[in-house]
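# An overview of the molecular structure
What follows is each chain in one-letter form.
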Amino acid sequence: TSGPPSEGPRPTPGVWRLSSKAAGLCRWSGGLGGGAMDEHRRDGSDGQEGAPPVMGFDDGHLVDLPGATQGFSAPRDEAFDEPFQEETRAPAVGWYDSEFTGGRPGDVADSRELGVTLAQLQEYLAISTSLKRSCGTLPLTLALWITYLMMVFYHGGAQISFESSHFVRRAIEGCFTTLPGAGGGWEREVRLTDITDHREIMPWIDGALVPMLQTPDNQQVLLGHVRVRQHRGENSTCGLATSLQSFYQSGCYPAGGFVGSYGPHRPAYELPEPSFISVSRSGTVFEFWIEVNRSRAVVSERVRSLEKEGWIDLSTQDVTIEGLYLNVEEHVYSHFSIAFKMHREGLLESSLTVYPLRGEIFSHWAQIFLDVFWMGVFVMLMYSAVTETLLEMERGLIKLHLQEPYFWLDLSLLFLGGAIVGTFYNFVYWLDKYTDEVYSLGVMPPLSVAEAPDAQKVQAEIDNRVYQDQIAKMIDWVEWFVNQNGWVRFCSVLYSGLMVLRFFRGFTGQPRLAVLVQIFLQSAGFVIHFIILLCFIFINFAMAGYILFGEQLQGWTTPIGAIGQMLLVFFLRFDYKEFHNIAPLASSIWFSIFFVLVVVLMQRLMSAAIVDTYLSVKASLGEPGQGLLSQGTKVLRDVLFRRTYKGAQKSVPLEELLQIISADSDPAYLKKLGGRQVDRRLRTRAELFQAESSPSVDVAFLVKRGCEPLAAQRLLEQCAEWTYSISTTSSPLRRLLIMLVRQMNHLRFESDKLQDKMNRKFQRSAKVVDRIDLKHAKCLSLARRIRKGQQLPPGWTAHTDKDGRRFMRQEETGLTSWTLPQHLL
């Protein structure tokens, strides 16, 4: 019952059904045909010996047809020349349905080649629903981001804090005093950065810092006194060789040990100088207070007396000067810290740090509404994450949902946001407490210890100590606030980075941005390995610079500093003459290798890798992604269509339609389809079979699944347009490959059918041969009987009369007979 050779391929075995004209008999027989054999067959003889029943097709099925005449000479039915109609049951991504209608097997213009297949519709719906879901996250992310930025702007007050602290910094950096030069023959101006010897610290405090601090200012007010604190080391012997000790008779002053007290000896009846008594349990911390609010003479006398008594000497490891300014109009505290680090090699380093602290986080009562609105958006984010998790749990996809990175992103946003809220309001609470502490500072004691009469020195000492303890508490609190503020700002920066990553989720709702996100994600692995390799190379060159220039260039004296300087070299922000003056040949080789290897090769390798990733993603997807303008136009057309009468007709949502046609599909595969994390190229036999065997979809198929006819037609048109825009699926090479596979499947199907037909013919021929052998044996038996019956008994002879008639005669008796007697046979 094979059709003409022009019939097309049948991709998978299905139910083959004849046309209405071909519902007749397909007659065949296993006999010889004609002659005695036919008569023998009609007589019914040997009817049980291998005679096959008469078969035929009824409603597409092979059945017995009782009463039909058998015989090889039956004429061929013309209806068999018509092609079969196929009811395809080909799977498409796990879906089986008997209602798909394919084209005629072997047709070059197959409807599945020109129309929309189930796999294409499934991918289009998965991408559309994923785009819709991703775009749905943008409003919440945008609201969270905008409110967060406004909160940072109004609560941070960076400009006010910077201006207030920068004013204090410029005032301290600009103050100077004149000190005699070497030999006392000339004088020089000494600023903070010009101090190179520990003996210049106290004169600079007396001649530059104190006058600056005592200068009245209506905006910046110095709170209380200024604390000067030092760390000292215990004097010990130097670990020099015996032959070198004659060159250095003094002791050494390493860090550590226990000092306790030092300074000049005072009579027992005088009060001990507290500046020479350690204020810490370790016995190495000493401090004195600059009572700036007192007269210039009192303060200078105090500083000069400590200088004469050697409060700072070679045992001093470092000196720190701390004070607190208050900007009254803006309520901003500025904590300044001047540090002098005395290295044991003789180098003295000075630095100035000013930390601003806003006293009023809420500068206006309306700013509380920003916090309320942000908290509302934050609660909405929490509700969205919880409801999405519960929905995935009901669908049985909780494991897949937990593997999604955006779930952990939302969870990180929730935990980090909660930590920021808790830390921020704890910061605000203690800042209010700190403001109350500043207000309760009170008035400075009227007398200093130096001014007080002998009878009131003890009381003046106690009063000033209590007042200075309050100021010390305020300064220490500022350090705690600066530390907490740093953590809050760090968490805020991290939170803004996580919000940028959440924007990536919304950006996947735009096809072209989704392609860029795919490029970013696929490049991440290479970038991480590239950074690891670059870090090893970078650190190696930094250590080489540390070896070459560490002894003569300040920035290269430590490994960490060498890495920082290497960053400047990487961005070509350095002076090559400094390197050349130290090591001309080594520096040229070092810089040349670094420039060629890192700046030239590594940077271009990174660019080439990113371009290669872009080309790979573009090749795997076959599209650069729909542009923002075209997507906006499409959305506008859809909105206008829904406002028409036909467009307002109820139709099944795309999400439910995807669930209906993908009931047997893997949810993980659908998520990959929606996220464009697939390769549309045909690289394996399974992918080729899926593309070739996917059945076509028409309007009737969608209507039966709840779509409105016009909506179904628009959906198929949009899917066809989207498929055509993908170069991978619409390329002639892919179409030719699928056509070739279908033709090969058709040839394989026809060869299997021909083999089955030949097997049936062989079986029928074998049965015919068996029956011929049986008939032949019967004929031989009959021939033997006939031959035996034609032989004459002994004593009988055959004769012929004159009329040609044959008769027999027995010679002994002379008897004749026309036939042999019965008893002789």
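As the structure is a computational prediction, the values presented were derived from the model and not from experiment.

Reading guide: rules and limits
Residues numbered from 1 in each chain as written. Predicted model: local features only at pLDDT ≥ 70, side-chain atom pairs only at ≥ 80, totals over all residues. Heavy atoms only, no water. Helix = DSSP H or I, 4+ residues; strand = E, 2+ residues; numbered from the N terminus. Buried < 20%, exposed > 50% of the residue type's maximum accessible area, 1.4 Å probe, protein only. Contact = heavy atoms within 4.5 Å. Areas by Shrake-Rupley, 256 points an atom, 1.4 Å probe, with all protein chains shown as cover. Pairing = 2+ DSSP bridges. Axes fitted to C-alpha atoms, helices over the stretch in contact; angles between N-to-C directions. Parallel < 35°, antiparallel > 145°, perpendicular 65-115°, else oblique. Left-handed = near helix turned anticlockwise from the far one by under 90°. Nonpolar A, V, L, I, M, F, W, Y, C, P; charged D, E, K, R; others polar. Salt bridge = Lys/Arg side-chain N within 4 Å of Asp/Glu carboxyl O. pLDDT = per-residue confidence, 0-100. Patch = residues over 30% accessible without salt bridge, like charges linked within 9 Å, V, L, I, M, F, W, Y side chains within 5 Å. Phe/Tyr/Trp six-rings, centres within 6.5 Å; stacked < 30°, edge-to-face > 60°. Lys NZ or Arg CZ within 6 Å of the ring centre and 35° of its normal. Core = buried A, V, L, I, M, F, W, Y, C linked by side-chain atoms within 4.5 Å.

### Some words on the overall build of the protein
Within the protein, the regular secondary structure consists of 22 helices and 17 strands. Sorting the 825 residues of the protein into buried and exposed places 38% on the buried side. Long-range contacts, defined here as pairs at least 24 residues apart, represent 72% of the contacts in the protein between residues at least 6 apart. For the protein, the exposed surface amounts to about 47,600 Å²; the carbon and sulfur share of it is 61%.

### Considerations on the pairing of strand 15 (residues 796–800)
Summarising the sheet, strand 15 and strand 16 (residues 806–810) pair through five bridges and their orientation is antiparallel. If you follow Trp796 over to strand 16, its bridge partner there is Gln810. Where strand 15 hands over to strand 16, the hairpin turn is made up of five residues, of which Gly804 adopts a positive phi near 85°.

### What about the packing of helix 11 (residues 511–549) against helix 12 (residues 559–570)?
Between helix 11 and helix 12, the shortest axis-to-axis distance is 8 Å and the interhelical angle comes to 110°. Relative to helix 12, helix 11 is oriented roughly perpendicular. Here helix 11 and helix 12 pass one another in a crossing that is right-handed. Mapping the contact onto sequence places Phe538, Phe541, Ala542, Met543 and Tyr546 in helix 11 and Pro559, Ala562, Ile563, Met566, Leu567 and Phe570 in helix 12. Here the residues of the contact of helix 11 with helix 12 are counted per class, giving eleven nonpolar, no polar and no charged.

### Quick look at unusual backbone geometry
One non-glycine residue, His331, lies in positive phi territory at about 55°. With respect to the secondary-structure elements, His331 resides in the loop between strand 11 (316–327) and strand 12 (332–342). The residue Leu572 is not glycine, and still its phi comes out positive at about 60°. Within the secondary structure, Leu572 sits in the loop between helix 12 and helix 13 (576–582). The exposure class of Leu572 is partly exposed, given its relative accessible area of 47%.

### Brief notes about the environment of Gly376
Looking at the secondary structure, you find Gly376 in helix 7 (residues 367–394). Sequence spacing of Gly376 and Leu144 is 232 residues, and the spatial spacing of their C-alpha atoms is 9.3 Å.

### Some details on the pattern of salt bridges
Applying the stated criterion across every chain yields a total of 24 salt bridges. Taking the shortest distance from any N to any O, the salt bridge between Asp410 and Arg505 comes out at 3.3 Å. Linking Asp410 in helix 9 (residues 405–439) with Arg505 in helix 10 (residues 457–507), this pair joins segments that are 95 residues apart in sequence. Judged on exposure class, the residue Asp410 and its partner Arg505 are both buried. Two residues, Glu461 and Arg465, come together in a salt bridge whose shortest N-O distance is 3.5 Å. In this pair, Glu461 and Arg465 both sit in helix 10, four residues apart, roughly one turn of the helix.

### Things to note about the side chain of Ser134
When you line up the elements, Ser134 lands in helix 3 (residues 118–156). On the accessibility criterion, Ser134 (7% relative accessible area) is buried. Ignoring any residue separated from it by four or fewer positions in sequence, one finds Ser134 in contact with Arg505, Gly506, Thr508 and Gly509.

### A short note on the confidence of the model for the protein
This prediction gives the protein a mean pLDDT of 79; 83% of its residues lie at or above 70. When the criterion is pLDDT under 50, residues 1–113 qualifies, and its contacts beyond four places in sequence or with other chains add up to 205 contacts.

### Structural notes on the sheet that holds strand 16
Read from one edge to the other, the open sheet built from three strands follows the order 15-16-17, with strand pairing classed as antiparallel. Edge positions in the sheet fall to strand 15 and strand 17 (816–817), since each of these pairs with one other strand and no more.

### Quick word on a nonpolar patch on the surface
A cluster of nonpolar side chains, Leu572, Leu585, Ile589, Ile593, Phe595, Val596, Leu597 and Leu601, forms an exposed patch at the surface whose accessible area comes to about 700 Å². The residue Ile593 is located in helix 14 (residues 584–621) in this model.

### Quick word on the packing of aromatic side chains
Applying the stated criterion across every chain yields a total of 43 aromatic pairs. Geometrically, the ring pair formed by Phe574 and Phe591 is tilted, given 5.2 Å between the ring centres and 55° between the ring planes. Here Phe574 is found in the loop between helix 12 and helix 13, whereas its partner Phe591 is found in helix 14, with 17 residues between them in sequence. In this structure Phe574 comes out as partly exposed when scored by relative accessible area, which is 26%. Aromatic ring contacts, followed pair by pair, group Tyr333, Phe427, Tyr429, Trp430, Tyr434, Trp477, Trp480 and Phe481 into a single cluster. Here the basic side chain of Arg232 rests over the ring of Tyr262, its NZ or CZ set 3.6 Å away from the ring centre. Arg714 extends its terminal NZ or CZ atom over the ring of Phe641, reaching a point 3.9 Å from the ring centre.

### A closer look at the nonpolar core
If you look at the biggest cluster of nonpolar residues, it comprises 41 residues, and the most contacted ones within it are Trp204, Ile205, Phe336, Ile338 and Phe340. At the level of secondary structure, the elements contributing two or more residues to this core comprise helix 4 (158–174), helix 5 (201–214), strand 9 (226–232), strand 10 (285–290), helix 6 (296–308), strand 11, strand 12 and strand 13 (348–358). The greatest single-element share of this core, amounting to nine residues, is contributed by helix 5. Setting aside residues no more than four positions away along its own chain, Trp204 makes contact with Ile172, Cys175, Thr177, Val190, Arg191, Leu192, Ile195, Leu209, Ile321, Ile338 and Phe340. Membership of the second largest hydrophobic core comes to 25 residues, among which are Val116, Leu131, Leu657 and Cys707.

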